[in-house]
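Chain and residue survey
What follows is each chain in one-letter form.
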Amino acid sequence: MRKWLKTVGVVSLLIVMAACSTESPGSSSDEDSGDGDGSIKIGMSISTLNNPFFVSLRDGAEAAAEEAGYEITTADAQDDSASQVSDIEDLIQQDIDVLLVNPTDSSAISSAIESANSADIPVITVDRTADEGEVATHIASDNVEGGEMAGEFIAEQIEEEGDVVELEGISGASATRERGEGFHNIVDEIDGIEVVAKQSADFDRSNGLNVMENILQSNSEIDAVFAHNDEMALGALEALESNNLADEVVLVGFDAIDDARDAVSEGRMDATVAQQPELIGEEAITTAAQVVEGEEVEEFVPVELDLVTE
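Everything in this summary refers to the structure shown in the same document. (Residues numbered from 1 in each chain as written. Predicted model: local features only at pLDDT ≥ 70, side-chain atom pairs only at ≥ 80, totals over all residues. Heavy atoms only, no water.)

Examining the overall build of the protein chain
Our working rule: In this text, helices come from DSSP runs of H or I with a minimum length of four residues, and strands from runs of E with a minimum of two, each type numbered from the N-terminal end. The cut-offs for exposure are 20% and 50% of the maximum accessible area for each residue type, with area from a 1.4 Å probe on protein chains only; residues under the lower value are buried, those over the upper are exposed, and the others partly exposed. It only takes one pair of heavy atoms within 4.5 Å for two residues to be counted as in contact. Every accessible area reported is derived by Shrake-Rupley at a probe size of 1.4 Å, with residue values counting cover from the shown protein chains alone.
Each helix and strand in the protein chain was counted, giving ten helices and twelve strands. Expressed as a percentage of the 310 residues in the protein chain, the buried residues total 46%. Pairs at least 24 residues apart make up 73% of the contacts formed inside the protein chain by residues separated by at least 6 positions. Total accessible area on the protein chain stands at roughly 14,900 Å², and carbon and sulfur atoms take up 41% of it.

Brief notes about the pattern of salt bridges
Rules: Throughout this description, the term salt bridge denotes a Lys or Arg side-chain nitrogen within 4 Å of a carboxyl oxygen of Asp or Glu.
Applying the stated criterion to the full structure yields seven salt bridges. Taking the shortest distance from any N to any O, the salt bridge between Glu241 and Arg268 comes out at 2.9 Å. With a gap of 27 residues between them, Glu241 in helix α8 (residues 230-242) and Arg268 in the loop between α9 (258-265) and β10 (271-274) connect regions that are remote in the sequence. The exposure class of Glu241 is partly exposed, given its relative accessible area of 31%. In this structure, Arg268 and Glu266 form a salt bridge, with 3.4 Å as the shortest nitrogen-oxygen distance.

Digging into the packing of helix α3 (residues 81-93) against helix α4 (residues 110-118)
Describing two packed helices takes the angle between their axes plus the distance from one axis to the other. The condition that has to hold: Helix axes use the C-alpha atoms of the stretch in contact, all axes being lines fitted to C-alpha atoms, and the angles between their N-to-C directions lie in the range 0 to 180 degrees. Angles are sorted into four bins: roughly parallel if under 35 degrees, roughly antiparallel if over 145, roughly perpendicular if 65 to 115, and oblique for all others. Following the grouping adopted for this structure description, the nonpolar residues are Ala, Val, Leu, Ile, Met, Phe, Trp, Tyr, Cys and Pro, the charged ones are Asp, Glu, Lys and Arg, and the polar ones are all others, Gly among them.
One way to put it is that α3 packs onto α4 with a least axis distance of 9 Å and a crossing angle of 10°. When the axis of α3 is compared with that of α4, the two are roughly parallel. Every residue of α4 that contacts α3 at Val85, Ile88, Glu89 and Ile92 is listed here: Ser111, Ala112, Ser115 and Ala116. A class-by-class count of the residues in the contact of α3 with α4 yields five nonpolar, two polar and one charged.

Thoughts on the packing of aromatic side chains
How we decide: Planes of paired rings set the category: under 30 degrees apart is stacked, over 60 is edge-to-face and the rest tilted, where pairs are Phe, Tyr or Trp rings (Trp by its six-membered ring) whose centres lie within 6.5 Å. We count a charge as sitting over a ring when the NZ of a lysine or the CZ of an arginine lies within 6 Å of the ring centre and within 35 degrees of the ring normal.
Within this structure, the stated rule accounts for two aromatic pairs. Where Phe53 meets Phe54, the ring centres are 5.1 Å apart and the plane angle is 85°; that geometry is what we call edge-to-face. On the basis of relative accessible area, Phe53 is assigned to the buried category, the value being 2%. Residue Phe54 is classed as buried on the basis of its relative accessible area of 3%. The residue whose ring lies beneath Arg179 is Phe254, and the NZ or CZ to ring-centre distance is 3.9 Å.

So, the side chain of Arg179
Quick note on the threshold: The definition of a polar contact used here is a pair of N or O atoms within 3.5 Å, where within protein one atom must be able to donate a hydrogen and the other to accept one, and adjacent residues in sequence count solely through side-chain atom pairs.
Here Arg179 shows up in helix α6 (residues 174-187). Here the side chain of Arg179 touches His228 through a polar contact of 2.6 Å, landing on its backbone oxygen. If we skip the residues at most four places from it in the chain, Arg179 touches Asp127, Asn143, Gly147, Phe203, Phe226, His228, Asn229, Phe254, Asp255 and Gln275.

Some thoughts on the sheet that holds strand β3 (residues 98-101)
Using the following cut-off: At least two bridges found by DSSP between two strands is the condition for calling them paired.
The strand order across the open sheet built from six strands is β2-β1-β3-β4-β5-β11, with neighbouring strands paired in parallel fashion. Edge positions in the open sheet fall to β2 (71-76) and β11 (300-302), since each of these has one partner strand only. The mean angle between the axes of side-by-side strands here comes to 20°, regardless of whether they run parallel or antiparallel. Relative to β3, strand β1 (residues 41-46) runs parallel, the two being bridged by four bridges.

Here's the deal with unusual backbone geometry
Of note, Glu160 is a non-glycine position whose phi angle comes to about 60°, a positive value. By secondary structure assignment, the location of Glu160 is in the loop between α5 (143-157) and β6 (162-168). Residue Glu160 is classed as partly exposed on the basis of its relative accessible area of 47%. The backbone phi angle of Ala256 is positive, close to 60°, even though this residue is not glycine. Assignment of secondary structure puts Ala256 in the loop between β9 (250-255) and α9. The buried category is assigned to Ala256, whose relative accessible area is 8%.

Following this line, the structure appears as structure tokens:
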């Protein structure tokens, strides 16, 4: 009897040892993605959270990450390129699986993206592109198309004749180049329209006010204003209202933030090009997971635009 029990014990031990030997060293029964518990660790660098558009983008990304069970760390560059590069270096040191970047400056961000490339961390740009470095995909609305929508609307409202002011975003930001490109694709082809002033207001409301005030001091006979974002448009609106010109000048912004939508519905602004920042954030998380899992993704993931006029 004892001999039989001893035999059973030896056989059982051999079975256990055989089962253990099928796993390679360091492997576990958990999923292998992310940090080993089935999650994905995402780093996200935002140009600024002083702009409601980017707050909505962040909220969309963080909500999608939480729903999917992913870990996400967000850094606010506060529109400072050097801070953004430093933020990204910090995120890289946190062993993230994928990096989402909304560049403050499309050129200045290149070195940080190249650092992520060297660390074998895939990079996804969001809303604004990067000039250099390897990027898995870019997720954004089509800024050129949005600029064209603004140009077409203004041309129609002023019957293809008049003087127009353009308030540009941050110099070096891809959104500035692309929105301006789309706008000029339309207005430069119409002989009766002249862009009489074009100046950067850095996507900032107070700068939009100050720049618009300065332009009006030298040229108050304008027919329309296109601002590359709503923050600048709302600043320009204050300047136009203080000079009793708001009813005479067509004003178009970009982003469709809540304050701009309210101004349009109240008849104080004429239109704003509507992006969907929360959806951009959500798409970024979905695409990040696909990239980490080794799936093929498109070079550009577009998010639909609309023109808000009421």
